[in-house]
Amino acid sequence: MCGIAGFIERAGQLGDGPLRDRVHRMADTLRHRGPDGCGEWVDPQAGVALGHRRLAIIDLTPAGAQPMVSACGRFVMTYNGEVYNFPELRRELESFGHRFRGQSDTEVVLAALAAWGIEPALRRMNGMFALALWDRQARTLTLARDRVGKKPLYYGWCGNTFLFASELKALAPHPSFVPELDLDALGLFLQYSWIPAPYCIYKRLHKLLPGTYLTVDPACRGGEVAPQAFWSARDVVSSGERAPLVRSLDEAADILHASLAQAVTRRMVADVPLGALLSGGVDSSLVVSLMQAASDRPVKTFTVGFREASFNEADHARAVARHLGTDHTELYVTPEDGLKVIPNLPAIYDEPFADPSQVPTCLISALTRQHVTVALSGDGGDELFAGYKRYRSSATYGRVLRWFPKLVKEGAAALLRRFDSARWAWVGAQGGLDKAQPIEKAQPGSFENLERIANRMIAMDPQDLLARHHARCRTPSDFVPAAAPLSTLLTDPSRRPSFSEPVIGMRFLDFSEYLPDGVLVKVDRASMAAGLEVRCPFLDSQVVELAWR
């Protein structure tokens, strides 16, 4: 895993030294993502600078250093990620006569892009990645991001300079960067607790959508660049509906077992120590069991626990570890531990982000990094295999709400909102929640946000009910008066495809927005802050496509 950064200036404006200095300072802010080395590549005549921070995982020699120039000399790439099917791609390229200098997947990815072209090569890459590829002949820069959005990539025009980086903090050292707050994006954050791609907390900047790439022509300075999709979750889900896997339950389980076992085995390839994050739930326990089956020594597993019984899953994880015979390590988190992490969160996440589990995720990442450099996790299983309780509850409530006329639901919602406003006015008159606490104790749950309940009452269907479940308010302007609504799958029902079953639609929403913009952001920033690479077998492209069948 690594950190990447770069820019395109006006051609010939800066010499070799100033270009290198600027891109080095940008990349150096990503030292946590790549503590093992750094590199720059510049072309003053084109005004291009590419920077890289390296976390060496495969081929620890200088042969894997970046930015890397292709064997033909035409392409230069800075790349963050792992492509797990690189051995197969390498063998195929070798059959066409290509010869490799080292053993890294970086060299294979670069050769594939050069040999097959951007989109065909991306379609064949199974892994997590964000990359920037400079074409020295066409004088264009291409950015690309993996199918599900495991690895982040920000970009945008700041005046006549095009900037890109793995994290926002890497853009700040460039003199053209102007951090102007986007109130619309701020409103979206306060509505959902995260900022969905392609939006960004700063104006003129964007997050590249998962499964897309874009090509920038420096001659079109300041112009909009439209991402192109090389993979579509919507198409995969629709295809799965049209061609479902018609098998008995046992046969389907065997097929999934084989696919997931292969995904786990591929992610165990590393030239550094490897382990797993074990929560004790179904997903991570399954991943660890498949790891242990493929290993001739105890797998290192790591768990975070809480003293509060209602939050603690460490006992389950310990039981799984004992059953599988893993080398298990536990970290019990105290309130004091959490308070020490909180001041670091703005620097770790850059953009506003409000998932409370980011605190224990930071703690377990730091613990795990003390023992291993790579860890597998169970992320993605809930979205792909309907593991969240909210799918069942939304489907049930959706069927109930369907029987009530629209006017009745809107009237009931209006009454709840009026009661909610009056209730909070009373709380304020009592001097705040502290003084109103006896009422809370007398009536458990009485201070549940009735506004959220009212918002869900007017849902159109279970898919809309799930979208409203994620929302903290009706519109961004409820919290940011100047904020205009931005179109996302969660905010705009017209953008949601229709599926044959409500649970498919709900999983699609979570897979397309909550997973990449919530779960994966949480894990990527927390793990990378510790220099830990986290790999997710459930998000293997073959497992993903099988799940939707």
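Residues numbered from 1 in each chain as written. Predicted model: local features only at pLDDT ≥ 70, side-chain atom pairs only at ≥ 80, totals over all residues. Heavy atoms only, no water.

(A) Here's a closer look at the confidence of the model for the protein. Chain-level statistics for the protein give a pLDDT mean of 90 and a share of 92% at 70 or above. Counted against residues more than four places away or in other chains, residues 435–447, with its pLDDT under 50, gives 16 contacts. (pLDDT = per-residue confidence, 0-100. Contact = heavy atoms within 4.5 Å.)

(B) Summary view of the environment of V264. For V264, the location among the structural elements is in helix α7 (residues 249–266). Taking the C-alpha atoms as reference points, V264 and R307, separated by 43 residues in sequence, lie 32 Å from one another. Among residues more than four places away in sequence, those in contact with V264 are V287, L290, M291, L376 and P537. (Helix = DSSP H or I, 4+ residues; strand = E, 2+ residues; numbered from the N terminus.)

(C) Looking closely at the sheet that holds strand β11 (residues 212–216). On the basis of which strands lie adjacent, the open sheet formed by six strands has the order β4-β5-β6-β7-β11-β12 and antiparallel pairing. Lying at the two open borders of the sheet, with one neighbouring strand each, are β4 (68–69) and β12 (228–229). Where β4 meets strand β5 (residues 75–83), two bridges bridge the pair, whose relative direction is antiparallel. For V69, the partnering residue across the bridge sits in β5 and is V76. Against the sheet, helix α3 (residues 105–116) touches β4, β5 and β6 (127–135), its axis set at about 125° to β5. (Pairing = 2+ DSSP bridges. Axes fitted to C-alpha atoms, helices over the stretch in contact; angles between N-to-C directions.)

(D) Representation of the nonpolar core within the structure. Ranked by internal contacts, the top residues of the largest apolar core, which has 102 residues, are L122, L131, F511, L539 and W548. Sort the elements by how many residues they give to this core and helix α19 (residues 502–529) lands first, with 13 residues. Discounting chain neighbours no more than four positions away, the residues touching W548 are V236, V237, G240, E241, L384, I504, R507, F508 and F511. The next biggest cluster of nonpolar side chains, apart from the first, holds 23 residues, and it includes L30, V42, A185 and C200. (Core = buried A, V, L, I, M, F, W, Y, C linked by side-chain atoms within 4.5 Å. Buried < 20%, exposed > 50% of the residue type's maximum accessible area, 1.4 Å probe, protein only.)

(E) Highlighting the sheet that holds strand β8 (residues 154–158). The antiparallel open sheet is built from six strands, whose spatial order is β2-β3-β1-β9-β8-β10. Sheet topology places β2 (37–43) and β10 (205–207) at the edges, where each strand pairs with a single neighbour. Direction aside, the axes of adjacent strands within the sheet are offset by 10° on average. As judged from the four bridges shared by strand β1 (residues 2–8) and strand β9 (residues 161–165), these two strands associate in the antiparallel manner. The residue bridging F7 from the neighbouring strand is L163, located in β9.

(F) Fine view of α3. Compared with an ideal rise of 1.5 Å per residue, which puts twelve residues at 16 Å, α3 spans 16 Å between its outermost C-alpha atoms and is within 8% of the ideal. Most of α3 sits inside the fold, with ten of its twelve residues counted as buried. The complete set of buried residues in α3 reads D105, T106, E107, V108, V109, L110, A111, A112, L113 and W116. Elements that come into contact with the buried residues of α3 comprise β4, β5, α2 (86–95), α4 (118–124) and β6. Phi for G117, located one or two positions after α3, is positive at around 95°. (Expected span 1.5 Å × (residues − 1).)

(G) Geometry of the side chain of D43. With respect to the helices and strands, D43 occurs in strand β2. R139 is the oppositely charged side chain nearest to the buried, salt-bridge-free D43, at an N-O distance of 4.9 Å. Apart from residues lying up to four places away in sequence, D43 is in contact with L19, V48 and W134. (Lys, Arg positive; Asp, Glu negative; His and termini not counted. Salt bridge = Lys/Arg side-chain N within 4 Å of Asp/Glu carboxyl O.)

(H) Fine view of the pattern of salt bridges. Evaluation of the coordinates by the stated rule reveals 29 salt bridges. A network of salt bridges, in which partner residues are shared, links R33, K151, E167, K169, D350, D524 and R525.

(I) Spatial organisation of a nonpolar patch on the surface. Together, V400, W403, F404 and V408 line one region of the surface with nonpolar side chains, adding up to about 460 Å² of accessible area. With respect to the element layout, F404 can be found in the loop between α14 (389–401) and α15 (406–429). (Patch = residues over 30% accessible without salt bridge, like charges linked within 9 Å, V, L, I, M, F, W, Y side chains within 5 Å. Areas by Shrake-Rupley, 256 points an atom, 1.4 Å probe, with all protein chains shown as cover.)

(J) View of the pairing of β2. Of the strand pairs in this sheet, β2 and strand β3 (residues 48–54) are connected by seven bridges, and their pairing is antiparallel. Considered in β3, the bridge of G39 is made with H52. Hairpin geometry of β2 and β3 is characterised by an intervening segment of four residues between the two adjacent antiparallel strands and by a positive phi of about 75° at G47.

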